[in-house]
Amino acid sequence: MSKRPIPYAKHTITQEDIEAVTEVLRSGLLTQGPVVPLFEKLLAERCHAGYATVCNSATSALHLACLALDLSPGDIAWTSAITFVASANCALYCGAKIDFVDIDPETSNLCPHALEEKLREAAIRDELPKVLIVVHMGGLPADMESIHRLSRVYDFKIIEDASHAIGSKYFKTITGSCTYSDITVFSFHPAKIITTGEGGAALTNRRELATRMQLLRSHGVTRDSSIMAQPKDVKWYYEQIALGFNYRMTDIQATLGVSQLRQLDHFLAARNSIFDYYNSELRDLPLKLPIIPRGYFSSCHLYIPRLVTDRAQEVRDKLYSFLSGKGIECNLHYIPVFLHPYYKKMGFRTDRYINALEYYNDSITLPLYVGVEAEQDYIVGCVRAFFRS
Ligand SMILES: *Cc1c(COP(=O)(O)O)cnc(C)c1O
């Protein structure tokens, strides 16, 4: 029996995870040991990528990705209007400007048509983005082939913010393989699919990008004589050749990551069946249920139905309070980034994001995590009771 309140998300830690972490604590190496490169190797293999660089959060990974793609002051980056603020903040860290693309009302992902229209207008004003950060909302991949085609025409780089989406697939490609992007980022925050406590990763097939991200992850310091300015033939010598950060992941975290990665397929299967069960049990209610289009495999990170009644926002808010009163803690993913006070003062035109605003008014995130199965009939019953009343 799980405890109430029921959260919207929750990690799964097994005995196997606990034993692995206990072992690393006894090993004598807590950081910069052998497990970080092992986790990187396993991630790259699992996702069919050339290189993986793990770090202390997805936010850090997004920052490293932007830096590796040379996003600089004077440049412009775009991301989806509906995402966590970190997808936009990473561009600001680099001194670049940020702008937003409206979402597709069916998938809640960045809309390729809205993107194309915005690119056409931006080309006329000579304000094209250097980097586009695509978000796979709730674990459903965005329409990457269409977005990639536009990147060829308008010459921009692509970062996939796949914080929600490890294990997902877009037709024949696995998210992280960077088939349609330069870099893909994952998050290992406890609310996400697999966890390292805090943590993230940046995957790429381009060696120079991986080398750059690894350098900047650790102060811009190198022990590789082939890239030193003044190499010396002594073991203690190292050089700082760029201004980097300490964005490293510990071996403690990486050990948990290795153990969690082994359970990924199990997590994905459980999440998909929870998602399907909601969709079958809620289908006759005045809700627009989330879809997984043909050819897509979602990691089912979030379950987000939308209200299709009149005064949807009011009904949504009532549903949220009603469920909260029943011990079910829902959530809202996400407040459009341009509505946050920090972004608002940059003067975005909200009339450009009709779909995002509508989504913000009528969406609600129901609990979805491995283990919620025991409470799912209760949750469904409460949602149904709300609409009866
Ligand atoms: C969670 C999340 C992030 C940030 O991940 P952290 O690992 O917490 O830094 C970035 N983007 C999206 C879309 C997220 O959901």
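Above this text you will find the structure in question.
Below: a short report on this structure.

Reading the values: the criteria
Residues numbered from 1 in each chain as written. Predicted model: local features only at pLDDT ≥ 70, side-chain atom pairs only at ≥ 80, totals over all residues. Heavy atoms only, no water. Near = heavy atom within 4 Å. Polar contact = N/O pair within 3.5 Å; in protein donor to acceptor, adjacent residues only side chain to side chain. Helix = DSSP H or I, 4+ residues; strand = E, 2+ residues; numbered from the N terminus. Pairing = 2+ DSSP bridges. Axes fitted to C-alpha atoms, helices over the stretch in contact; angles between N-to-C directions. Contact = heavy atoms within 4.5 Å. 1 Å grid on protein atoms, 1.4 Å probe; cavity = no way out; pocket = protein on both sides within 12 Å on 5 of 7 lines; lining within 4 Å. Points joined across faces, edges and corners; volume = space filled by probe spheres on them. Nonpolar A, V, L, I, M, F, W, Y, C, P; charged D, E, K, R; others polar. Parallel < 35°, antiparallel > 145°, perpendicular 65-115°, else oblique. Left-handed = near helix turned anticlockwise from the far one by under 90°. Salt bridge = Lys/Arg side-chain N within 4 Å of Asp/Glu carboxyl O.

Surrounding the ligand, one finds 15 residues, the nearest of these being Thr-59, Asp-161, His-164, Ser-187 and Lys-192. A distance of 3.3 Å separates a nitrogen atom of the ligand from a polar side-chain atom of Ser-163. Ser-187 places a side-chain nitrogen or oxygen 2.8 Å from an oxygen atom of the ligand. Going through the elements one at a time, helix H3 (58-68) and helix H4 (86-93) are the ones with two or more residues in the shell around the ligand.

Read across the sheet, seven strands follow the order E1-E9-E8-E5-E4-E2-E3 without closing on themselves; strand pairing throughout is mixed. Of all the strands in the sheet, the pair left with one neighbour each is strand E1 (51-55) and strand E3 (97-101). Pairs of neighbouring strands in the sheet enclose a mean axial angle of 20°, with direction left out of account. Inspection of the sheet shows E1 paired to strand E9 (residues 200-204) by five bridges, in the antiparallel sense. When the bridges of E9 are listed, Tyr-51 appears paired with Thr-204. Sitting on the sheet, helix H2 (residues 35-47) touches E1, strand E8 (183-187) and E9, and the angle it makes with E1 is about 130°. Packing of helix H7 (residues 207-217) onto the sheet brings it into contact with E1, E8 and E9, and relative to E1 it is tilted by some 20°.

So, about empty space enclosed by the protein. In total, this model carries two cavities of 30 Å³ or more according to the counting rule given. As for the largest cavity, its lining consists of 13 residues, and the residues nearest its centre are Met-144, Glu-160, Thr-173, Ile-174 and Thr-175. Residues belonging to the lining of the largest cavity are distributed by class as follows: six nonpolar, six polar and one charged. In terms of lining, the second largest cavity is formed by Lys-10, His-11, Thr-12, Pro-190, Lys-192, Ile-193, Ile-194, Thr-195, Gln-260, Phe-267, Arg-271 and Val-370. Among the residues forming the lining of the second largest cavity, the class breakdown is five nonpolar, four polar and three charged.

Relative to the helices and strands, Ile-82 resides in the loop between strand E2 (76-80) and H4. With 107 residues separating them in the primary sequence, Ile-82 and His-189 have C-alpha atoms 19 Å apart. When sequence neighbours within four positions are dropped, the list of residues in contact with Ile-82 reads Ile-103, Met-137, His-333, Tyr-334, Pro-336, Ala-356 and Tyr-359.

Okay, the packing of helix H9 (residues 264-281) against helix H13 (residues 373-388) next. Here H9 crosses H13 at 25°, and the two axes come no closer than 11 Å. Comparing the axis directions of H9 and H13 gives the class roughly parallel. The two elements H9 and H13 meet at a crossing, and its hand is right-handed. In this structure, H9 uses Ala-270, Ile-274, Tyr-277, Tyr-278 and Glu-281 to contact H13, whose residues at the interface are Glu-373, Gln-376, Asp-377, Ile-379, Val-380 and Arg-384.

Here we take up the pattern of salt bridges. Scanning all chains against the criterion turns up 19 salt bridges. Across the salt bridge formed by Glu-127 and Arg-125, the nearest N and O atoms sit 3.1 Å from each other. Sharing partners across several salt bridges, the network here consists of Asp-70, Asp-75 and Lys-130.

Across the interface, H3 lies against H7 with an axial gap of 9 Å and an inter-helix angle of 125°. Comparing the axis directions of H3 and H7 gives the class oblique. In the crossing of H3 with H7, the sense of the turn from one axis to the other is right-handed. On H7, the residues that touch Leu-64, Ala-65, Leu-67 and Ala-68 of H3 are Leu-209, Arg-212, Met-213, Leu-216 and Arg-217. Residues that form the contact of H3 with H7 fall into these classes: seven nonpolar, no polar and two charged.

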